[in-house]
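Observations on the model geometry
Each chain is listed here by its residues.
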Amino acid sequence: MSGDGTGPQSDPYAAGAATARAGLVRLITRGGGLTDPRWRAAFAEVPRHLFVPVYYVGVVGGYERRAADHPDPERREEWLRGAYADSALATHVRDGEPVSSSSQPSLMATMLDELRVEDGHEVLEVGAGTGYNAALLSHRLGDARVTTVDLDEDITGPAREHLAAAGYRPRVITGDGARGCPERAPFDRIMATCRLPSVPPAWVAQCRTGGLILTPLATGLVLLRVTGPEHAEGRFLSTPAYFLRLRGAVEGSADRPRGARADDGHDRAQAATAALPTEALRDERFHFLRTLSAGTLDPEAAYELWRVAHRPHRERFGVTVAGDRQWAWLDAPDGPHRWPLSGPG
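I will try to describe carefully the structure that is included in this document. (Residues numbered from 1 in each chain as written. Predicted model: local features only at pLDDT ≥ 70, side-chain atom pairs only at ≥ 80, totals over all residues. Heavy atoms only, no water.)

**Quick look at the side chain of Thr219**
Put simply, the rule reads: The secondary structure listing takes helices from DSSP runs of H or I that are at least 4 residues long and strands from runs of E that are at least 2 residues long, numbered from the N terminus. Buried means the residue's accessible area, taken with a 1.4 Å probe over protein chains only, is under 20% of the maximum for its type, while exposed means over 50%, and partly exposed covers the values in between. A contact between two residues is defined here by any heavy atoms of the two lying within 4.5 Å.
Positionally, Thr219 belongs in the loop between strand S9 (207-217) and strand S10 (220-228). When its relative accessible area of 4% is taken as the criterion, Thr219 is described as buried. Ignoring sequence-local partners within four residues, the contact set of Thr219 consists of Pro240, Ala241, Tyr242, Glu284, His287, Phe288, Thr291 and Arg314.

**Observations concerning the packing of helix H4 (residues 105-115) against helix H5 (residues 132-141)**
The line we're drawing: Between N-to-C directions, angles span 0 to 180 degrees; the directions come from axes that are lines fitted to C-alpha atoms, helices contributing only their stretch in contact. For this classification, under 35 degrees means roughly parallel, over 145 means roughly antiparallel, 65 to 115 means roughly perpendicular, and everything else is oblique. The crossing is said to be left-handed when, going from far helix to near helix, the turn is anticlockwise and less than a right angle, and right-handed when the turn is clockwise. Residue type decides the class: Asp, Glu, Lys and Arg count as charged, Ala, Val, Leu, Ile, Met, Phe, Trp, Tyr, Cys and Pro as nonpolar, and the leftover types, Gly among them, as polar.
Close contact between H4 and H5 brings their axes to 12 Å; oriented N to C, the two are set at 40 degrees. Classed by the angle they form, the pair H4 and H5 counts as oblique. In terms of crossing hand, the pair formed by H4 and H5 is right-handed. Only Tyr132, Asn133, Leu136 and Leu137 of H5 make contact with H4, whose side of the interface consists of Met108, Leu112 and Leu115. The residue makeup of the contact of H4 with H5, split by class, is six nonpolar, one polar and no charged.

**Re the environment of Ala88**
Positionally, Ala88 belongs in the loop between helix H3 (73-83) and strand S3 (89-94). Expressed as a C-alpha distance, the spacing of Ala88 and Tyr55, which sit 33 residues apart in the sequence, is 9.9 Å. Once residues within four sequence positions are removed from consideration, Ala88 is found in contact with Ser102, Ser103 and Gln104.

**A short note on the environment of Leu237**
You can see Leu237 is positioned in the loop between strand S11 (231-236) and helix H8 (266-274). What makes Leu237 buried here is its relative accessible area of 11%. Sequence separation between Leu237 and Gly318 is 81 residues; the distance between their C-alpha atoms is 9.2 Å. Setting aside chain neighbours within four positions, we find Leu237 in contact with Glu114, Leu214, Leu221, Leu223, Arg314 and Glu315.

**Notes on helix H1 (residues 14-30)**
The condition is simple: One less than the number of residues in a helix, times 1.5 Å, gives the span that helix is expected to have.
Between its first and last C-alpha, H1 extends 24 Å over 17 residues, near the 24 Å set by a 1.5 Å rise per residue. For H1, the secondary structure elements touched by its buried residues are helix H2 (37-45), H3 and H4. Phi turns positive, to about 100 degrees, at Gly32, one or two residues after H1.

What follows is the structure, encoded as structure tokens:
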């Protein structure tokens, strides 16, 4: 629990939530997750429902609001069941689009396990969201060793409230996650729960040599080991991962190369993609390569690489950061198949 010994506030849903939480832990465990008993304890004890008092479910024509304060008791039960479903939950919707969410618990379990935290580690989370992931980290490491950052006070403010209600008090910072958190650096681990077009150099600079950075990129998760103040390298995990993009320094640039207009070449790329064989268009592995190489490889070139490389899985791809350069690669950092990643500017 919290490093200062405080516990969660009075919770009318505590009993039902404990049963639902145990069911979620069993589900994740049966799927091969939560092999570390310390993470299993965190998921069993941190009350996710306190972090999603309101969330939104996609329906025809928009989103349906589900909330703990609904006057209908059956709708409140529906809300509680959804809070412990193994699914991502949209928690903030702006202009009809989700801008913040609570990630799928089984994916969070995978990410936390891959982060390989040890007692005493200092962790930076980029993308505070509801605060739930920061609570899991605080349960494992203690409040003082966890920092989480998000761009808007309308996200970090509720996250602080949710954390306090559950009995956790990590440092919650309002700021641009692409810039990290220099005042709290250095960190042993940095993890992001938002998608970026490339790895912010500030993260590499703020991570101790030997530390790990885990971040969504394209439709996957890349795990980098920092080998120096300006150098990091690593491969993608095998699991697919779809996250909302990071807002802030990369606003408006996450899916196109630097300097390009939003519609620059879009119609040509769409037409070229549509002309590809159906086997590629239906294969999630090709979608990953197409997304990772967008802005560098045209659709035909991406398909040809995918074909001659025997439809490669994610774990054959990796990323290297070296000073102000970074590139993605297939099989080897210095091999023949590599391409630059678009920067955040």
